[in-house]
Amino acid sequence: IVSTFIFVRPTKVNATPLVLSLYYKLNLSQRLSIYLRAGGGLLWARFIDREGRREIKVDNFVYPEVQRTKARGNLYQGGAGLSFLIQSGLHLFLEGNYRGAKASGFTGTNKAGESGTLFYFEEYVSELDFWQAKYKILTEVSEGEDLRSLREAEVDFSGWSLSVGLIIQF
């Protein structure tokens, strides 16, 4: 009997930051001001990776491999903005920010109950003549002929943002 399978690999990565920010405001006129923002803190990250499959005629996926890991990292941020007083208690603002935030040292357990560190690598699949990228919790590091680019996993949450909004004062 030949069956056709659908394979999925949902990965979820998130972080919870704790940030202390300082602002410096400079009034340019009665209605217009600029401000600078700087801050830093910690972030706690989670990386959950599942590998699933199901037959075409079956509705539910089976997940034979689940990896749950956690890590901590540092973050810093900076930004600048303009604030314009529209009327008493209502300001329009435009703000640009940069946040540098990376997490590494992910540790956790896989479905087999083995504890270890999360690694990124490429594994050679000979049937397809293809190098497949993978994240896997390893208890020991060993690089062979069918593995390359082996290194500890790192997640980078850094980036730029631009915000426009209203500040309502009561």
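The preceding data block contains the structure.
First things first, this report covers the structure right here in the doc. All figures in this text were calculated on a predicted structure; none of them were measured in a lab. (Residues numbered from 1 in each chain as written. Predicted model: local features only at pLDDT ≥ 70, side-chain atom pairs only at ≥ 80, totals over all residues. Heavy atoms only, no water.)

1. Remarks on the overall build of the chain
- Looking only at helices and strands, the chain features zero helices and ten strands.
- Reading the helices (α) and strands (β) of the chain from amino to carboxyl end gives β-β-β-β-β-β-β-β-β-β.
- Its C-alpha atoms give the chain a radius of gyration of 24 Å, more than 25% over the compact-globule value 15 Å for 170 residues.
- Dimensions along the principal axes, computed over C-alpha positions, put the chain at roughly 80 × 40 × 30 Å.
- Here the chain, with 170 residues, has 27% of them falling under the buried criterion.
- When contacts within the chain are restricted to residue pairs at least 6 apart in sequence, those whose partners lie at least 24 apart make up 65%.
- Computed over 20 positive and 18 negative side-chain charges, the separation of the two mean positions in the chain equals 13 Å. (Helix = DSSP H or I, 4+ residues; strand = E, 2+ residues; numbered from the N terminus. Rg over C-alpha atoms; globule rule 2.2 N^0.38 Å. Buried < 20%, exposed > 50% of the residue type's maximum accessible area, 1.4 Å probe, protein only. Contact = heavy atoms within 4.5 Å. Lys, Arg positive; Asp, Glu negative; His and termini not counted. Charge placed at Lys NZ, Arg CZ, Asp CG, Glu CD.)

2. Comments concerning the nonpolar core
- Core analysis: the biggest nonpolar cluster contains twelve residues, these being L43, A45, F47, A71, L75, A101, A103, F106, L118, I137, A153 and V155.
- When contributions to this core are tallied by element, the ones reaching two or more residues are β3 (32-55), β4 (62-87) and β5 (90-110).
- If we skip the residues at most four places from it in the chain, V155 touches V13, F47, A101, K102, A103 and F106. (Core = buried A, V, L, I, M, F, W, Y, C linked by side-chain atoms within 4.5 Å.)

3. Quick word on unusual backbone geometry
- One non-glycine residue, D129, adopts positive backbone phi at about 50°.
- Here D129 lies in the loop between β6 (115-125) and β7 (130-138).
- Under the relative-accessibility criterion, D129 is labelled exposed at 58%.
- Despite not being glycine, S149 has its phi angle at roughly 55°, a positive value.
- Along the chain, the position of S149 falls in strand β8 (residues 147-152).
- Judged by relative accessible area, S149 falls into the partly exposed class, the value being 35%.

4. Some points on the pattern of salt bridges
- In total, this model carries five salt bridges according to the counting rule given.
- R9 is the salt-bridge partner of E51, the closest N and O atoms lying 2.3 Å from each other. Within this pair, whereas E51 is found in strand β3, its partner R9 is found in the loop between β1 (5-8) and β2 (11-27), the two being separated by 42 residues in sequence.
- Overall, the relative accessible area of 27% leaves E51 in the partly exposed class.
- Through salt bridges with shared partners, a single ionic network connects R9, D49 and E51. (Salt bridge = Lys/Arg side-chain N within 4 Å of Asp/Glu carboxyl O.)

5. Some details on the packing of aromatic side chains
- Summed over all chains, the structure comprises nine aromatic pairs.
- For the pair Y23 and Y35, a centre-to-centre distance of 6.1 Å together with 50° between the ring planes defines the contact as tilted. Of this pair, Y23 sits in strand β2 while Y35 is found in strand β3, placing the two residues twelve residues apart along the sequence.
- Classification of Y23 as exposed rests on a relative accessible area of 52%.
- Judged by its relative accessible area of 11%, Y35 is buried.
- Here the aromatic rings of Y98 and W160 are separated by 4.8 Å at their centres, their planes lie at 50°, and the arrangement is tilted. Pair noted here: Y98 is in strand β5 and W160 is in strand β10 (residues 159-168), with a separation of 62 residues, a long-range link. (Phe/Tyr/Trp six-rings, centres within 6.5 Å; stacked < 30°, edge-to-face > 60°.)

6. Describing the pairing of β5
- Pairing of β4 with β5, which is carried by 19 bridges, proceeds in the antiparallel orientation. Pairing of G73 across the sheet is with A103, part of β5.
- As consecutive antiparallel partners, β4 and β5 are separated by two residues, and within that stretch G89 has a phi angle of approximately 85°, a positive value.
- Inspection of the sheet shows β5 paired to β10 by ten bridges, in the antiparallel sense. Bridge pairing links R99 to G159 in β10.
- Both β5 and strand β9 (residues 154-156) contribute to a ladder of three bridges, which runs antiparallel. Residue pairing across strands places K102 opposite D156, the latter belonging to β9.
- Bridging between β5 and β6 involves three bridges; their strand directions are antiparallel. By the bridge assignment, T107 is partnered in β6 with T117.
- Hairpin geometry of β5 and β6 is characterised by an intervening segment of four residues between the two adjacent antiparallel strands and by a positive phi of about 85° at G113. (Pairing = 2+ DSSP bridges.)

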